[in-house]
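# Residue-level structural notes
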Amino acid sequence: MTAGGTPPLLGNRTLNLTTFIVVSVIKTVLALFVLLTAVAYTVWLERKVVGHIQNRWGPTRVGPFGLLQPLADGVKFLFKEDLTPPHVYKPLYIAAPMIAVAFALTSIAVIPVGNSITIGHLVIPLQITDVNIGLLIILGVTSLGVYGVALAGWSSNSKYSLLGGLRASAQMISYEISLGLSLVGVLMLTGSFSLRDIVNAQSGTFWGFIPRWNIFYGGQFIAFFIYLMSAYAETNRIPFDLPEAETELVAGYHTEYSAMKFAMFFMAEYANMITVAAVASLLFLGGWHGPVFGPPLLRALLPVLWFVLRIFGFLFVYIWVRGTLPRFRYDQLMAFGWKFLLPLAIANLMITALVVALRA
Amino acid sequence: MTHLIIFLFFGGLCVAGAVNLLVQRHPINSALSLVVVMGSLAVEYLLLGAEFVAAVQVIVYAGAIMVLFVFVIMLLNAGEEERTKGSRVAMLFGIPGMLVGSVLVGWVLIERTGTQTVSAGALPGAPRTIGWLLFHNFLLPFEVTSILVLIAIMGAVVLASHPDSDQGKKES
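Calculation criteria
Residues numbered from 1 in each chain as written. Chains lettered and ligands numbered in written order. Predicted model: local features only at pLDDT ≥ 70, side-chain atom pairs only at ≥ 80, totals over all residues. Helix = DSSP H or I, 4+ residues; strand = E, 2+ residues; numbered from the N terminus. Buried ≥ 20, exposed ≤ 12 C-beta atoms within 10 Å, placed from the backbone. Contact = placed C-beta atoms within 7 Å. Rg over C-alpha atoms; globule rule 2.2 N^0.38 Å. Expected span 1.5 Å × (residues − 1). pLDDT = per-residue confidence, 0-100. Core = buried A, V, L, I, M, F, W, Y, C linked by C-beta atoms within 7 Å. Axes fitted to C-alpha atoms, helices over the stretch in contact; angles between N-to-C directions. Parallel < 35°, antiparallel > 145°, perpendicular 65-115°, else oblique. Nonpolar A, V, L, I, M, F, W, Y, C, P; charged D, E, K, R; others polar.

## Points about the overall build of chain B
Assigned secondary structure in chain B consists of seven helices and zero strands. Listing every helix and strand of chain B by position from the N terminus yields α-α-α-α-α-α-α. Expressed as a percentage of the 172 residues in chain B, the buried residues total 16%. Long-range pairs, those at least 24 residues apart, make up 60% of the contacts in chain B with a sequence separation of at least 6.

This is the structure:
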């Protein structure tokens, strides 16, 4: 097994079909396994970190440092009684958590985690599929994720759920605009929708020591923070977790859900967090670029480590914010999104366009 | 071969979704069927090599417009529609008329184009090409459309605001 810096990638079409299918299936299974494990351990991390922020221990009983807690939780969710309230609209009530979790897990398909590894004559990119509209696919899939939440709220036939679902869909549609606009600056600088191209464009340094990441470049610093704030709203996290505001809505759109169906919403939320963190790392923080050294295998796997570390950093900030900030009021949330973030995103877009035009 | 299988599968899904849209009695089910139709159309565009159009189809139609549809249905809390017998004229002439019409359209399309097929990716479909075309060859129509959308937005704002009540003042 050898690996190069950026070897000429064999396009999927030049592989023969059987090899392509086998490789894709292996990669998909592996990616899903890693993602689901990461989701479980993000929950553990959140409980642990928030615990320490609030001066308590978090989970400690199951395994060392409570590390087996996610397994115990999983078993608990599987064996709990799955209540279905009598007034729900059943087909959609059952479908909603599945929709939420399916769309949350789909985006992983286009996220590259590193360069590529070579086995024999086969060059395998560390990505399930490299499409040249990768970013658009992620945006499309996340925009479909609204259905899970909205339908859960509606089909539960309870006022808290309905209000939560309505809030969630309004909030997600509103912040999707600033989220999309904040990414356009990076796209203009790179000139490609392919996530791999965007990362490759960020290799190298300025003046020998500042890494050539988009966040340091062309005013994308502002775009990064617009993205960060919109992403918090998109994933319904504190300080924008109005859809499930406990003090007003019991639990929002998943009030009527129990057992595994409830856990699926949880999984969807954390998977979305990981996707958002991955996109932020790829677009603004140079993806998997970092010091690479050692034997070939290490050379292939170190970039993956750098990428995972970035994602971990984002998740930690997510949790940190959750442990620190109070919740917004709903009108504040809407005013912030439409009257502050959106104009700022547009202004940033204009300036970036000007910079790109002047350099051309 | 794989293309054909995928095409037939999603084509079938598209038609099934469209039929389901008409058959379902609950508005929210109809709306969701429409989402299925749009999703399968996006896959068909992807098969043609029109990646950008496919992505926009999902983002704009399935992700934004249909969400608003579902949103409105949820807000209005629209119940199941009542089934009426319908007019006999529609049953007698509508269904045969629709069949004849679709056969006619299909026939004309086949006559005009022959049996030529376009291989995937042969026509421009990449975001770069579409952007170039939009801002060079079709700049005027593009800008005029954007003004049209702006007017529609302003109209919506005017319709939604209540100048008489003091609700608008409180917010600012």
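## Describing the overall build of chain A
On a plain count of helices and strands, chain A comes out with twelve helices and four strands. For chain A, the C-alpha radius of gyration of 21 Å lies close to 21 Å, the compact-globule estimate for 360 residues. The buried share of chain A, reckoned over its 360 residues, is 45%.

## Description of helix α6 (residues 159-190) of chain A
Residues and elements named next belong to chain A. Taking 1.5 Å of rise per residue, the 32 residues of α6 would be expected to cover 46 Å, and the 46 Å separating its terminal C-alpha atoms lies within 8% of that figure. By the criterion of burial, α6 is predominantly enclosed, with 23 of the 32 residues buried. Trailing α6 by a residue or two, glycine 191 shows a phi angle of about 75°, which is positive.

## Things to note about the confidence of the model for chain A
Within chain A, residue pLDDT values average 81, and 95% of them lie at 70 or more. Here residues 1-13 of chain A is a poorly scored stretch, pLDDT under 50, and it has 24 contacts once near neighbours within four places are set aside; other chains count.

## A closer look at the confidence of the model for chain B
All names here are of chain B. Residue-level pLDDT values for chain B average 81, and 86% of them are 70 or greater. Looking across chain B, the model is least confident in helix α7 (residues 167-171), with a mean pLDDT of 50, and most confident in helix α6 (residues 139-160), with 91. Across the interfaces of the predicted complex, the ipTM metric reaches 0.75, alongside a pTM of 0.81.

## A word on the nonpolar core
Core analysis: the biggest nonpolar cluster contains 116 residues, and A:Ala100, A:Ala150, A:Ala271, A:Ile274, A:Ala277 and A:Ala280 have the highest contact counts within it. A per-element tally of this core places helix α10 (residues 259-284) of chain A first, with 17 residues. Excluding residues that lie within four positions of it along the chain, A:Ala150 makes contacts with A:Gly165, A:Ala168, A:Ser169, B:Val67, B:Val70, B:Phe71 and B:Met74.

## Concerning the packing of helix α2 (residues 27-47) of chain B against helix α3 (residues 51-76) of chain B
Residue and element names in this part refer to chain B. Their axes nearest at 8 Å, the elements α2 and α3 cross at an angle of 175°. Put simply, α2 runs roughly antiparallel to α3. Two secondary-structure elements touch here, α2 through Pro27, Ile28, Ala31, Leu34, Val35, Met38, Gly39, Leu41, Ala42, Tyr45 and Leu46 and α3 through Glu51, Val53, Ala54, Gln57, Val58, Tyr61, Ala62, Met66, Phe69, Val70 and Ile73. In the contact of α2 with α3, the residues fall into 19 nonpolar, two polar and one charged.

## Topic: the interface of chain B and chain A
In many analyses, interface size is given as the accessible surface area lost on bringing the parts together. Listed per partner, the contact involves 17 residues of chain B and 19 residues of chain A. When residues in the side of chain B that touches chain A are grouped by element, the largest group, 13 residues, is from α3(B).

## Some remarks on helix α1 (residues 2-23) of chain B
The α-helix advances 3.6 residues per turn, and as a result positions three or four apart in sequence lie on the same side. The end-to-end C-alpha distance of α1(B) is 31 Å, a good match for the 32 Å that 22 residues give at a rise of 1.5 Å each. Within α1(B), only one of the 22 residues are buried, which leaves the element largely exposed.

## Some points on the environment of A:Asn16
Residue and element names in this part refer to chain A. Position of asparagine 16 relative to the elements: it lies in the segment before α1 (17-53). Residue classification places asparagine 16 among the exposed residues on the basis of 8 C-beta atoms within 10 Å. Distance from asparagine 16 to leucine 344, taken between C-alpha atoms, is 48 Å for residues 328 residues apart in sequence.

## A word on the environment of A:Thr255
Residue and element names in this part refer to chain A. Assignment of secondary structure puts threonine 255 in the loop between α9 (246-249) and α10. Overall, threonine 255 belongs to the buried group, with 21 C-beta atoms counted inside 10 Å. Residues threonine 255 and asparagine 157 lie 98 residues apart in sequence; the distance between their C-alpha atoms is 10 Å. Once you skip the residues sitting within four places of it in the chain, threonine 255 turns out to touch Ser156, Ser158, Tyr160, Ser161 and Val250.

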